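# Results of the structural survey
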Amino acid sequence: FYNSFKLQPCHWNLQRFLYKQDLDPDSPVQDGVIKTLIYGVGSVSAQSENGMKKLGNIVKEEKPHVKKLIDKRMYVDDAGDSKFTKEECVQLAADADEVFAMVDLECKSWTYSGENPDDKVSKDGVSINVGGFKWFPKLDVYELKVPFLHFGKKRRGRLSPDTKFFSGDQQELDKFVPKKLTRRMVTSKYASIFDLSGKLGHVLAEAKNLLRDTIVATADWDVPMLDELRSKWLEQFMLWERLRALKVDRSVMPPDAIDCKMRLIVKGDF
């Protein structure tokens, strides 16, 4: 996605690098230029999003539904929308492809509910990653991402190859979790659960309260907590293990609904 955005020639001086052919130390040094947006540069995410918004503004009169897709239905290089019929979805995809082609952008593949995804976007043939979730389009359910429990440290964004991941029962969990469990460790584990839709909110509320108690009971981020608190965190870790691979319906509207109109009732405590 980033590489599809070209830098103007007047900005080529900002992304120069020195290179030796085949990384051979005896090769002559060459002066290279990266002419597209590139990974590892903090501004490219905003640049690419701004570029897409400009594209949407170009077609806002002719294809307002594509502009809406770009402005409201995209997350980095993922896009998704819901329509009343599959025909409308197919038409939106065709119109989006036409707009993207105006600036040499290309969608790798479009996936529709009720069908398996293309192998180009799926590693297992039945699911794809969209917006931080794993979506199973054939069944139209998505999987909440609860990462495997580990206490390894990342270096340059990657875990060490010898990092051990937990797999077992409560007794084995007690042996796996460090005896000197700290506030920093449990906060990291809690924050690693991605639940943008809030499906696990009622379950994680207990862990959030426990985290508050942990902060009160520990003097510092790296001071080991008392055994009583550690035991409570073991219970939470085991609960999270059971939540992994839990799947929920993507659509809030049942497939046999009488019509597509819904009534939303909201209650608030003031």
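Here's a quick rundown of the structure. Not measured: the values here are computed from a predicted model.

### Looking at the packing of aromatic side chains
Under the counting rule described, the total for this entry stands at 11 aromatic pairs. Considering the side-chain rings of phenylalanine 133 and phenylalanine 194, the 5.3 Å spacing of their centres and the 55° angle between planes classify their relative orientation as tilted. On the criterion of sequence distance, the pair formed by phenylalanine 133 in strand 6 (residues 133-136) and phenylalanine 194 in the loop between helix 5 (183-191) and helix 6 (201-217) is long-range, its members being 61 residues apart. With a relative accessible area of 32%, phenylalanine 194 lands in the partly exposed category. Both rings, one in phenylalanine 166 and one in phenylalanine 176, keep their centres 5.6 Å apart while their planes meet at 55°; by these two values the pair is tilted. Here phenylalanine 166 is found in the loop between strand 9 (158-159) and helix 4 (170-176), whereas its partner phenylalanine 176 is found in helix 4, with 10 residues between them in sequence.

### Structural notes on the sheet that holds strand 5 (residues 128-130)
Ordered in space as 5-6-7-10, the 4 strands form an open sheet in which the pairing is antiparallel. At either margin of the open sheet sits one strand with a lone partner, and together these are strand 5 and strand 10 (247-249). Across this sheet, the average inter-strand angle for adjacent strands is 40°, counted without regard to direction. Pairing between strand 6 and strand 7 (residues 141-143): 3 bridges, direction antiparallel. Following the sheet pairing, lysine 134 is matched in strand 7 by glutamate 143.

### What about unusual backbone geometry?
Leaving glycine out, the prevailing phi sign among residues is negative, and the prevailing peptide bond configuration is trans. Residues other than glycine seldom take positive phi values, yet leucine 23 does so here, at roughly 55°. Considering the arrangement of structural elements, one finds leucine 23 in the loop between strand 1 (16-20) and strand 2 (29-33). Using a relative accessible area of 67% as the deciding quantity, one classes leucine 23 as exposed. Even without being glycine, aspartate 104 reaches a positive phi, approximately 60°. On the secondary structure map, aspartate 104 appears in the loop between helix 3 (86-101) and strand 5. Using a relative accessible area of 67% as the deciding quantity, one classes aspartate 104 as exposed.

### Let's talk about the packing of helix 1 (residues 44-58) against helix 2 (residues 64-72)
Put simply, helix 1 and helix 2 touch, their axes get as near as 8 Å, and they point 165° apart. One way to sum up the angle between helix 1 and helix 2 is to call them roughly antiparallel. For the element pair helix 1 and helix 2, the recorded crossing hand is left-handed. Residue-level inspection shows Met52, Lys53, Leu55, Gly56 and Asn57 of helix 1 in contact with helix 2, the latter providing Lys67, Ile70 and Asp71. Split into classes, the residues belonging to the contact of helix 1 with helix 2 amount to 3 nonpolar, 2 polar and 3 charged.

### Observations regarding the side chain of aspartate 195
Topologically, aspartate 195 is positioned in the loop between helix 5 and helix 6. Although buried, aspartate 195 forms no salt bridge, and the nearest oppositely charged side chain, lysine 199, lies 8.0 Å from it. For aspartate 195, the side chain forms a polar contact with the main-chain nitrogen of leucine 200, separated by 2.8 Å. Leave out the neighbours within four places in its chain, and aspartate 195 touches Leu144, Leu200 and Gly201.

### With respect to the nonpolar core
Counting 29 residues, the largest nonpolar core has Leu173, Trp233, Phe237 and Trp240 as its most contacted members. Each residue touching phenylalanine 237, except ones within four places of it in the same chain, is listed here: Leu149, Phe151, Leu173, Val177, Leu181, Val186 and Lys189. One finds Phe5, Val66, Ile70 and Val99 within the second-largest nonpolar core, a separate group that totals 16 residues.

Cut-off values and rules
- Counting restarts for each chain: residues are numbered from 1 in the order of the written sequence.
- Two thresholds apply to this predicted model, a pLDDT of at least 70 for residue-level local features and 80 or more for giving and counting side-chain atom pairs, whereas whole-chain, interface and lining totals are computed over all residues.
- The basis for every side-chain value is the complete set of heavy atoms in the structure, and neither hydrogens nor water enter the calculation.
- Stacked, tilted and edge-to-face pairs are distinguished by plane angle, under 30 degrees for stacked and over 60 for edge-to-face with tilted covering the rest, among Phe, Tyr and Trp rings (Trp via its six-membered ring) whose centres lie within 6.5 Å.
- Going along the chain from the N terminus, every DSSP run of H or I of four or more residues is numbered as a helix, and every run of E of two or more is numbered as a strand.
- Buried residues are those whose accessible area, probed at 1.4 Å on protein chains only, stays under 20% of the maximum for their type, while exposed residues exceed 50% and partly exposed ones sit between those limits.
- Here, a strand pair is defined by DSSP locating no fewer than two bridges between the strands.
- In this analysis, axes come from line fits to C-alpha atoms, helices being fitted only over the stretch in contact, and the angle between any two N-to-C directions falls in the range 0 to 180 degrees.
- If an angle is under 35 degrees, it is roughly parallel; if it is over 145, roughly antiparallel; if it lies from 65 to 115, roughly perpendicular; otherwise it is oblique.
- Handedness of each helix crossing follows the sense of rotation of the near helix against the far helix: counterclockwise by less than a right angle gives left-handed, clockwise gives right-handed.
- We call two residues in contact when some of their heavy atoms are within 4.5 Å.
- Residues are grouped as follows: Ala, Val, Leu, Ile, Met, Phe, Trp, Tyr, Cys and Pro are nonpolar; Asp, Glu, Lys and Arg are charged; all remaining types, including Gly, are polar.
- For the purpose of counting charges, residues Lys and Arg are taken to be positive, whereas Asp and Glu are taken to be negative. His and the chain ends are not included.
- Every case where a carboxyl oxygen of Asp or Glu lies within 4 Å of a side-chain nitrogen of Lys or Arg is listed as a salt bridge.
- We call two N or O atoms a polar contact when they sit within 3.5 Å, provided that within protein one can donate a hydrogen and the other can accept it, with sequence-adjacent residues counted only if both atoms are side-chain atoms.
- Joining through side-chain atoms within 4.5 Å is the link that ties buried Ala, Val, Leu, Ile, Met, Phe, Trp, Tyr and Cys residues into a set, and such a set is a nonpolar core.

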